[in-house]
Amino acid sequence: MYSVRSVTPDLWWAGASDRRLELFENVFPVPRGVSYNAYLLLDEKTVLLDTVDSAVRERFFENLDHILNGRTLDYMIVNHMEPDHCAVLQEVLERYPGAVVVGSAKTMGLIGQFFGDLPADRTLAVKEGDTLSTGRHTLAFAMAPMVHWPEVMVTYDQTDKTLFSADAFGTFGALNGHLFADELDFKCQWLPDARRYYTNIVGKYGPQVQSLLKKAAGLDIARICPLHGPVWRQDLDWFIEKYRLWSTYAPEEKAVLIAYGSVYGHTENAAEILACRLAERGVANIAVHDVSKTHASELVSEAFRCSHLVAASVTYNNGIFTPMETFLLDLKAHGLQNRTVAVVENGSWAPQAGRLMTELLSSMKNMTLLEGTVTLRSSVKEEQRQQLEDLADKIAAEILN
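Quick word on helix α11 (residues 353–362)
Side chains that are three or four residues apart share a direction in an α-helix, a result of its 3.6 residues per turn.
Okay, step 1: Every buried residue of α11 is listed here: A353, G354, M357, L360 and L361. The arc that holds every buried residue of α11, seen down its axis, measures 130°, which confines them to one face.
Okay, step 2: Buried residues along α11 sit in contact with β19 (306–316), β20 (319–320), α10 (322–333), β21 (340–346) and β22 (368–369).

Observations regarding the sheet that holds strand β15 (residues 162–164)
Okay, step 1: The sheet built from 5 strands is open, its strands ordered β12-β13-β14-β15-β16 with mixed pairing. Bordering the open sheet on either side are β12 (131–133) and β16 (223–225), each of which pairs with just one other strand. Neighbour-to-neighbour, the strand axes of the sheet open up by a mean angle of 20°, direction not taken into account.
Okay, step 2: With 5 bridges connecting them, strand β13 (residues 138–143) and strand β14 (residues 153–157) associate as antiparallel partners. By the bridge assignment for β14, F141 is matched with T155.

Some words on the sheet that holds strand β7 (residues 39–42)
Okay, step 1: Pairing is mixed in the open sheet, where 7 strands are placed in the order β1-β2-β7-β8-β9-β10-β11. Of all the strands in the sheet, the pair left with one neighbour each is β1 (5–8) and β11 (123–125). Here the average twist between neighbouring strands, direction ignored, is 25°.
Okay, step 2: Relative to β11, strand β10 (residues 100–103) is paired through 3 bridges, and the arrangement is parallel. Directly across from V102, in β11, lies its bridge partner L124.

A closer look at the pattern of salt bridges
Close approach of charged atoms allows side chains with opposite charge to pair.
Okay, step 1: In total, this model carries 26 salt bridges according to the counting rule given.
Okay, step 2: The salt bridge partner of E280 is R277, with a shortest N-O separation of 2.9 Å. On the criterion of helical spacing, the pair formed by E280 and R277 is a turn pair, its members being 3 residues apart in helix α8 (residues 266–280).
Okay, step 3: When its relative accessible area of 57% is taken as the criterion, E280 is described as exposed.
Okay, step 4: One continuous salt-bridge network, built from bridges that share partners, spans R277, E280, R281, E382, R385, E389 and D393.

About the thresholds
Residues numbered from 1 in each chain as written. Predicted model: local features only at pLDDT ≥ 70, side-chain atom pairs only at ≥ 80, totals over all residues. Heavy atoms only, no water. Buried < 20%, exposed > 50% of the residue type's maximum accessible area, 1.4 Å probe, protein only. Helix = DSSP H or I, 4+ residues; strand = E, 2+ residues; numbered from the N terminus. Arc of directions from axis to C-beta. Contact = heavy atoms within 4.5 Å. Pairing = 2+ DSSP bridges. Axes fitted to C-alpha atoms, helices over the stretch in contact; angles between N-to-C directions. Salt bridge = Lys/Arg side-chain N within 4 Å of Asp/Glu carboxyl O.

Printed below as a string of structure tokens:
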């Protein structure tokens, strides 16, 4: 049975949520599930904007049939060709043989790769600034390459001032009846998933996101309709500002992330001592994570949030403890920069983790490494405890200034 919601009198949400999915893109844990958003515009011409993942195919077609209510589909706009948004594209075209696919030139190439080439009379390739009139509405198209695939574009409804933003402004999490962000306690309950979605899915492409934000700044936007998560119709500036911070790799908060990799608990002990000393000095915003237990996507998200990072790792096979190495390589892959970093290492006979972590962190842009790696020999002794006190002094002085 259909389950739809009205966005405006002419626009309907026709998507669905998947609460059974465990790993988004088979990588990122989504304990709260995910939504796949598709939108249907009813005008003199009918327009479907994107489709859904095959996991929610049945619900999507029930929604689509209900909203159309016997009408045919005239246009199928593809803002993003990733399979979680285009898996049922071919079936849409089979059900509605008169529908014309609208997308970028690169989109048309990807359609051929996934499904085979479409007849010329069923495609309309658009470029930057092109428009499409559907009757009362005029849709304008802007290219957004590498946000986060090369074919991506966004669609702006000039009539109702709605931006269909593809994967930009998306969020992990299934929709629980509420469609709009202002219906939710977004800042408390949804922001961590929004940050984790951005940093891990789009985070590498900060300059490209900045380019899209500049285009959006020239538009009068009343609402944002992303392909995942809630629709925005209030507090747009607040969420856009988050994207500005994340895409420029500026710390979102003055905060300390202490990420540790420990085998028998001694490196963990050092991390706990440092956290306690920071708290004593008045630092309120402290996050401590075991890299073996916390998924790397959570750690990457926390690193984007925090201004200061502490990497504490045991030496393992004469290198960096494997989960810690994975985390740091993820930070580099996602382009993190503009952070202050400290290093703590442990090694019973040949500590190497500190040097290797320093080399890896130094290869990232605009990273300030605090001098004086704290080196443990098996366990924390009084000398190392004092070094951790000194490190807490340095970090607290910067955080509290």
